[in-house]
Amino acid sequence: MPHLNEIRKRNNVKIIGKGDKTLVLAHGFGCDQNMWRFVTPVLEQHFTLVLFDYVGSGKSDISQYNKKRYSTLGGYAKDVLEICGALDLSDVTFIGHSVSATIGALAAIEQPELFAQLVMICPSPCFLNLPPDYFGGFEKQDLHELLNLMDKNYIGWANYLAPLVMGSSHPDEFIAELSGSFCSTDPLIAKTFAEATFLSDYRATLKHIKQPSLVLQSEHDALAAPSVGEFVANEIPNSTLQVISAHGHCIHMTHPETVGRSIIDFVS
Amino acid sequence: MPLHQLDDNRVTDYSADYFLSGALVTNADNVIVYVNTYFKKELHWHCNELIGKYIDKILTKSSKIFLQSYVLPTLIHEKKCQEMQLIMLSAQGERMAVTVNAQLDEKGFIYWSFFNATQRDKLYDELIKTREKLEAQTERLQSLASTDELTSLLNRREMDYRSVLLLEQAKRTHRSVALLVIDIDDFKQINDTYGHLEGDRVLKELGQCLKKISRQTDLVARYGGEEFLIMLPDTHRADTLIFCQRLHQLIAEIKVGSEGLTVSVGACMSDSNSTFTELFKHADNAVYQAKANGKNTTYMHS
């Protein structure tokens, strides 16, 4: 395991706010910790907040990226556990958006003593339709089209062909020069994250969650239908489902007051 | 036709309907409040099929994910978003690749512009295919350039490169490394008696045997005609000698005619200053010593 300070640097860890209770906020697929900036002003008055970027996202240290590790959500869960270890945290409330709700579940099952509670914002343990019992909302072909779309949206960006020229056997040189945009990530890294997120099935892990959990579901979410939120809340033994009257998947950005209030009520 | 007031108080009748691109406005709830006639002319949507509906209606499922994961967060964060590629649906469900630029105002309204990107999409597909082909070729060339064709072991060039790295690492971690030079006894005679095809079989089988006995971290190479090298990281002298003993036993199981194959092995251990060239020189001299000692044996350089 890398040195403690290296982990803080690797995952661009930021600590803000004050309070006895600590919240770890984990961004979802696509963007970085900036996603939380609309809700942090409310939360930092009550709690200590730990913000970070997964390796490969935002301002994390891309040279630490390892394709094998980050090909499954377990690798991202390791990031979470290592950050908790580096900061000597315990009894934290983990707040995960979208795929990070699943990542948090994996971390909380592996080291339950670190986590007191989980808050899942628009979670989905499986995006695939698996009839007759489960409808994640998407067919395999939709998700392959997404991967193709991601390729096309990065095509003109820096480093599209760079890994090819450098060769995959030299990970140290695999240092991306990212553009300033907050959603931009290295194309191969983003695609690997997308595959780990959208082609996986973590439904079976939910019932092993011991911590009290709050599921915040958006009323109209193109990525996770209300039935998915209900499924998640039903599977987790000690959970509460709260449906937020909103349209969209990033309710912590579009409805920060409501989301902030729900978190404060739940944690207090 | 709507009239528009320009900044300098000129009134003009130019309209968004004349543009060969889609113009669309959504409110803070992502509900469509305006579309220009491009959507009717090119995509056969009736205006009333779109107004009051979520923007999701004109996008494929994959594009919805992209919209929710990238486009909308970027818009909320940066107020604008440019050159995104999405797939739009016509009223008949036909797909059209589009480039999207959009900006967000203070009231949460988003002004979207869509440009047909069908040709660009084909180019992208071609570029992706080319990249995949290049990746596969690179992998193949890397493998060809680093392995010996007959035995699939590392070739001489790759061995020279990797052994230097391995020695540097061993120096940093203060571990000792063993180098073995393995030379088939009387290989010329095998070729002369049984032919070159049989010679090749022996080389191939010996390669497999060396690979089998080695750990994953060991470097195993065919270094010359009938000369093989093994570099054993993190290995002491006593372990090296045991390894060589097993090597002789296993190699004897490879049959040439009715006889077991034999090799002579020259071994040497690294110290804190050893270079690969020095180690190789010592191990190579040790092979000659092993041959002089009657073959089918190991000689350790001291």
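Before any of the text, the structure's been laid out above.
Student: Residues and numbers for the overall build of chain B, please.
Tutor: On a plain count of helices and strands, chain B comes out with nine helices and 14 strands. Across its three principal axes, chain B shows a C-alpha extent of roughly 105 × 45 × 30 Å. Considering chain B as a whole, with its 302 residues, one finds that 46% of them fall into the buried category. When contacts within chain B are restricted to residue pairs at least 6 apart in sequence, long-range pairs at least 24 apart make up 56% of them. For chain B, the exposed area adds up to about 16700 Å²; of that, 51% sits on carbon and sulfur atoms. A gap of 2 Å separates the mean positions of the 36 positive and 41 negative side-chain charges of chain B.

Student: Could you give an account of the sheet that holds strand β7 (residues 110–116) of chain B, with specific residues and numbers?
Tutor: Residue and element names in this part refer to chain B. Ordered in space as β4-β3-β7-β6-β5, the five strands form an open sheet in which the pairing is antiparallel. Each edge of the open sheet is held by one strand with a lone partner, namely β4 (32–35) and β5 (80–89). When strand polarity is set aside, the average angle formed by the axes of neighbouring strands in this sheet is 25 degrees. Bridging between strand β3 (residues 22–26) and β4 involves three bridges; their strand directions are antiparallel. Bridge pairing in β4 links Val25 to Tyr34.

Student: For the sheet that holds strand β8 (residues 213–220) of chain A, give the residues involved together with the corresponding values.
Tutor: All names here are of chain A. Sheet architecture is open: seven strands sit in the order β1-β3-β2-β4-β5-β8-β9, paired in mixed fashion. Both edges of this open sheet fall to β1 (14–17) and β9 (239–247), since each of them pairs with a single strand only. Neighbour to neighbour, the strand axes of the sheet diverge by 20 degrees on average, direction disregarded. Across six bridges, the pairing between strand β4 (residues 92–97) and strand β5 (residues 115–121) is parallel. In the strand pairing of β5, Gly96 is matched with Met120. Where helix α10 (residues 256–267) meets the sheet, it contacts β2 (22–26), β4, β5, β8 and β9, and its direction lies at approximately 155 degrees from that of β5.

Student: Quick one: what's the story with the environment of Gly257 of chain B, residue by residue and with numbers?
Tutor: Take Gly257 of chain B: it is sitting in the loop between β11 (255–256) and β12 (259–260). Along the chain, Gly257 of chain B and Gly52 of chain B lie 205 residues apart, while their C-alpha atoms are 87 Å from each other.

Student: So what about the pairing of strand β3 (residues 48–52) of chain A? Which residues, and what values?
Tutor: Residue and element names in this part refer to chain A. Counting buried residues in β3 gives five out of five residues, a clear majority hidden from the surface. With burial as the criterion, each face of β3 is covered, one bearing Thr48, Val50 and Phe52 and the other bearing Leu49 and Leu51. Here four bridges tie β1 to β3, and the two strands are oriented antiparallel to one another. Residue pairing in the sheet places Lys14 in a bridge with Leu51 of β3. As paired strands, β2 and β3 are joined by five bridges and run parallel to one another. If you follow Leu25 over to β3, its bridge partner there is Leu51.

Student: Could you give an account of the side chain of Thr192 of chain A, with specific residues and numbers?
Tutor: Residue position: Thr192 of chain A is located in helix α7 (residues 187–198). Excluding its chain neighbours within four sequence positions, the residues that come into contact with Thr192 of chain A are Tyr65, Lys67, Tyr70 and Ser71 of chain A.

Student: Kindly report on the nonpolar core, identifying the contributing residues and their values.
Tutor: Counting residues in hydrophobic clusters, the biggest one holds 92 residues, and the most contacted among them are Phe115 of chain A together with Phe39, Ile58, Trp112 and Phe114 of chain B. When residues of this core are assigned to their parent elements, the largest contribution, eight residues, is made by helix α3 (residues 73–86) of chain A. In contact with Phe114 of chain B, not counting residues within four places along its chain, are Ser21, Gly22, Leu24, Phe39, Ile55, Ile58, Met88, Val98, Thr99 and Val100 of chain B. Within the second largest apolar cluster, 30 residues are counted, among which are Cys209, Leu232, Leu250 and Val265 of chain B.

Student: Could you give an account of the interface of chain A and chain B, naming the residues involved and the relevant values?
Tutor: On the chain B side, the residues contacting the 42 residues of chain A number 36 residues. On the surface where chain A and chain B come into contact, there are four salt bridges. With its nearest N and O atoms 2.8 Å apart, the salt bridge here joins Asp121 of chain B to Lys152 of chain A. Across the chain A-chain B interface, the total number found is eleven residue pairs in polar contact (both at pLDDT 80 or more). In terms of residue count, the dominant contributor to the side of chain A that touches chain B is helix α5 (residues 140–154) of chain A (eleven residues). Looking at the side of chain A that touches chain B residue by residue, the classes come out as 23 nonpolar, 13 polar and six charged.

The rules behind these values
Residues numbered from 1 in each chain as written. Chains lettered and ligands numbered in written order. Predicted model: local features only at pLDDT ≥ 70, side-chain atom pairs only at ≥ 80, totals over all residues. Heavy atoms only, no water. Helix = DSSP H or I, 4+ residues; strand = E, 2+ residues; numbered from the N terminus. Buried < 20%, exposed > 50% of the residue type's maximum accessible area, 1.4 Å probe, protein only. Contact = heavy atoms within 4.5 Å. Areas by Shrake-Rupley, 256 points an atom, 1.4 Å probe, with all protein chains shown as cover. Lys, Arg positive; Asp, Glu negative; His and termini not counted. Charge placed at Lys NZ, Arg CZ, Asp CG, Glu CD. Pairing = 2+ DSSP bridges. Axes fitted to C-alpha atoms, helices over the stretch in contact; angles between N-to-C directions. Core = buried A, V, L, I, M, F, W, Y, C linked by side-chain atoms within 4.5 Å. Salt bridge = Lys/Arg side-chain N within 4 Å of Asp/Glu carboxyl O. Polar contact = N/O pair within 3.5 Å; in protein donor to acceptor, adjacent residues only side chain to side chain. Nonpolar A, V, L, I, M, F, W, Y, C, P; charged D, E, K, R; others polar.

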